[in-house]
Amino acid sequence: MTDSGATPRQIYDPVSETPSSYVREAPGIQPPLDFPEYKSTALRHPKQPLIYLPQNITELTGPALGSLAPVGDLDNDLTRQHGGAPIGERTVVFGRVLDTEGKPLRNTMVEIWQANASGRYRHRWDRFPAPLDPNFSGAGRAITDDEGRYRFVTIKPGPYPWGNHYNAWRPAHIHFSLLGRAFTQRLVTQMYFPGDPLFRYDPIFNSIPDAAARKRLVSRFSIQDTEPDWALAYEFDIYLRGPGATPFEEAL
Amino acid sequence: MIFPSTAGQTVGPYFAIGLPWSEGSHAVAPGTAGAITLRGVIYDGAGKPIPDFLLETWQADPAGRFADLHGHGGPSEIVGFRGFARVGHEDGDGSFELLTVKPGPLATASGTIAAPHIDVSLFARGLLHRCVTRFYFADEEAANAVDPVLATVSPERRETLLAKPAEGGYEIDIHLQGPEETVFFAL
């Protein structure tokens, strides 16, 4: 536990499909950490400027799935995790996980969690007086296939009120968590549904400066993938940062 | 064609229904030789411990090997080495604790030597996207002195990145704001 004194090993072994750096994101795509309209940011956002971190081996690698949480056969079907069927609009949510060069990320974990059809989370902090559904937990996992595709069957979540401001309601959304292939690609986001009347009032959605970047968090209704006599389908593709040099990388 | 990347959004207050894993805080299997606990408290701008957060860590093993997807330099030879820990609390006392081993030094692309470090992602309600920091080790003075990233941090703030030896391992607190605000990185 004192100075290890170990000699560092040569770590830049040529490994296919591992970029030497990932693109830095353009301004406006990510929400700012300081966003007064979302009140909880007030005491939680760092105030000092972020310090530039060059990407090296720790940032270019990421956890292998095999040693982490196992994914079961029914983990991607949130409507079959209990004895009965949950109440609500049965919904297929599907899409691809890609990098910004359009290359699919295969064998990567997609985790989701959400409120039930009435807008209530199965969580002890959620005091919204809407019914819990004994047949709905609201959490799922999937692993992408060779084309980067994932697919969940779930119930369309309801909108729900929150305490941010007078008459504040979150647009219906599903939380997404992606590990990607590298620490640099890690992403936690939210998927929305098209045409939600609450978009214009929601500071979390509107914290993203770029209008096109906001729009990309809204899923697309797909009649082609809607299953007759069974479930509507919504498509949501996720783009994680892809390979790309940055002009600053050389400096460090 | 280049596509823009997908924007992040806050993890919110209810991630605990989906994200915590059993044994998520174990970056190594219990009983691993040289295992240490890494613990600390996360504080907000009022100096209060924050009750809800998701903390993730990613690191090399003592030989500089990773448990990664790509097999860089060959996988870690430590049985049960994950190199990844996920600690989530929904209404805790602000503290985190994880089980790991101390990582080794690493060569960087520019030929310098990176001091032993652990990459850290922090997610919480009120954080619109991920905050990234690193844990270094206060007792690696020689390695820290030549670390290319620490060199870019002002000496008075460098302290916020150093985990200090404590019983069974190391301790490091995270301050989101305030006079002891932790150094966070743009990745």
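Our subject is the structure listed above.
Since we're looking at a predicted model, the values are computed, not measured.

Conventions we followed
Residues numbered from 1 in each chain as written. Chains lettered and ligands numbered in written order. Predicted model: local features only at pLDDT ≥ 70, side-chain atom pairs only at ≥ 80, totals over all residues. Heavy atoms only, no water. Helix = DSSP H or I, 4+ residues; strand = E, 2+ residues; numbered from the N terminus. Rg over C-alpha atoms; globule rule 2.2 N^0.38 Å. Buried < 20%, exposed > 50% of the residue type's maximum accessible area, 1.4 Å probe, protein only. Contact = heavy atoms within 4.5 Å. Areas by Shrake-Rupley, 256 points an atom, 1.4 Å probe, with all protein chains shown as cover. Lys, Arg positive; Asp, Glu negative; His and termini not counted. Charge placed at Lys NZ, Arg CZ, Asp CG, Glu CD. Pairing = 2+ DSSP bridges. Axes fitted to C-alpha atoms, helices over the stretch in contact; angles between N-to-C directions. 1 Å grid on protein atoms, 1.4 Å probe; cavity = no way out; pocket = protein on both sides within 12 Å on 5 of 7 lines; lining within 4 Å. Points joined across faces, edges and corners; volume = space filled by probe spheres on them. Nonpolar A, V, L, I, M, F, W, Y, C, P; charged D, E, K, R; others polar. Salt bridge = Lys/Arg side-chain N within 4 Å of Asp/Glu carboxyl O. Buried area = accessible area lost by both parts, 1.4 Å probe. Polar contact = N/O pair within 3.5 Å; in protein donor to acceptor, adjacent residues only side chain to side chain. Patch = residues over 30% accessible without salt bridge, like charges linked within 9 Å, V, L, I, M, F, W, Y side chains within 5 Å.

Would you mind showing me how to read the overall build of chain B here?
For chain B, the helix and strand inventory stands at two helices and twelve strands. Reading chain B from its N terminus to its C terminus gives the helix and strand order β-β-β-β-β-β-β-β-α-α-β-β-β-β. Here the C-alpha radius of gyration of chain B, 17 Å, is about what a compact globule of 187 residues would show, namely 16 Å. Its C-alpha atoms put chain B at 50 × 40 × 35 Å along the principal axes. Buried positions account for 64% of the 187 residues belonging to chain B. The contacts of chain B with a sequence gap of at least 6 include a subset with a gap of at least 24, amounting to 68%. As displayed, chain B has an accessible area near 6200 Å², and 55% of this comes from carbon and sulfur atoms. Counting 12 positive and 23 negative side-chain charges, chain B places the centres of these two groups 4 Å from one another.

I tried to follow the sheet that holds strand β4 (residues 139–143) of chain A on my own but got confused; where do I start?
Residues and elements named next belong to chain A. In space, the four strands of this open sheet follow the order β4-β3-β8-β9, with antiparallel pairing throughout. Two strands close off the open sheet at either side, each with one partner strand: β4 and β9 (187–192). Neighbouring strand axes in the sheet, compared pairwise and without regard to direction, differ in orientation by 25° on average. Relative to β9, strand β8 (residues 173–178) runs antiparallel, the two sharing six bridges. When the bridges of β9 are listed, Ile174 appears paired with Met191.

Would you mind going over the layout of surface pockets with me for this structure?
To find the voids left in a structure, one rolls a probe of water-molecule size over its atoms. Computed from the structure, the largest pocket encloses a volume of approximately 690 Å³. Lining the largest pocket are 36 residues, and of these Glu25(A), Gln30(A), Arg241(A), His129(B) and Leu187(B) sit closest to its centre. Among the secondary structure elements, those contributing two or more residues to the lining of the largest pocket are β9 and β12 (238–240) of chain A together with β8 (131–137) and β12 (185–186) of chain B. Taken together, the residues of the lining of the largest pocket sort by class into 20 nonpolar, ten polar and six charged. Computed from the structure, the second largest pocket encloses a volume of approximately 360 Å³. Looking at the second largest pocket, it is lined by 21 residues, and the ones nearest its centre are Trp162(A), Gly163(A), Pro13(B), Tyr14(B) and Arg125(B).

Please clarify how the pattern of salt bridges should be interpreted in this entry.
In a structure, side chains of opposite charge can pair up when their charged atoms sit close to one another. Scanning all chains against the criterion turns up 20 salt bridges over all chains. Salt-bridge contacts for Asp139(B) lead to Lys102(B); the nearest nitrogen and oxygen are separated by 3.1 Å. Here Lys102(B) lies in the loop between β4 (95–100) and β5 (106–107) and Asp139(B) lies in the loop between β8 and α1 (141–145), a separation of 37 residues in the sequence. Across the pair, exposure class does not vary: Asp139(B) and Lys102(B) are buried alike. Among the ionic pairs, Asp119(B) bridges to Arg134(B), the shortest N-O distance being 3.0 Å. Of this pair, Asp119(B) sits in strand β7 (residues 117–123) while Arg134(B) sits in strand β8; the two residues are 15 residues apart in sequence, bridging distant segments of the chain. Residue classification places Arg134(B) among the buried residues on the basis of a relative accessible area of 3%. Taken together, the shared-partner salt bridges in this structure form one network comprising Glu111(A), Arg186(A), Glu56(B) and Arg86(B).

What's the story with the interface of chain B and chain A in this structure? I'm lost.
Accessible area lost upon the coming together of the parts is a frequently used measure of interface size. In this complex, chain B contributes 90 residues to the contact, which on the side of chain A involves 92 residues. Summed over both partners, the interface of chain B with chain A buries about 8300 Å², with 59% contributed by carbon and sulfur atoms. On the chain B side of the interface with chain A, the three residues burying the most area are Gln9(B), Tyr14(B) and Leu187(B), jointly 10% of the side's total. Linking chain B with chain A are six salt bridges. Note that Glu59(A) is salt-bridged to Arg134(B), the shortest N-O span being 2.7 Å. Counting across the chain B and chain A interface gives 37 residue pairs in polar contact (both at pLDDT 80 or more). Secondary-structure elements contributing two or more residues to the side of chain B that touches chain A are β2 (53–58), β3 (84–89), β5, β7, β8, α1, β10 (169–171) and β12 of chain B. At five residues, β7(B) tops the list of elements feeding residues into the side of chain B that touches chain A. Residues belonging to the side of chain B that touches chain A are distributed by class as follows: 48 nonpolar, 23 polar and 19 charged. In this sheet, β12(B) lies alongside strand β1 (residues 51–52) of chain A in parallel orientation, the contact comprising two bridges. Across the sheet, Tyr52(A) pairs through a bridge with Ala186(B), a residue of β12(B).

Explain a nonpolar patch on the surface here, please?
All names here are of chain A. On the surface, Phe221, Ile223 and Leu232 cluster together into a nonpolar patch covering about 260 Å² of accessible area. Examined against the element boundaries, Ile223 turns out to sit in strand β10 (residues 220–227). Judged by relative accessible area, Ile223 falls into the exposed class, the value being 59%.

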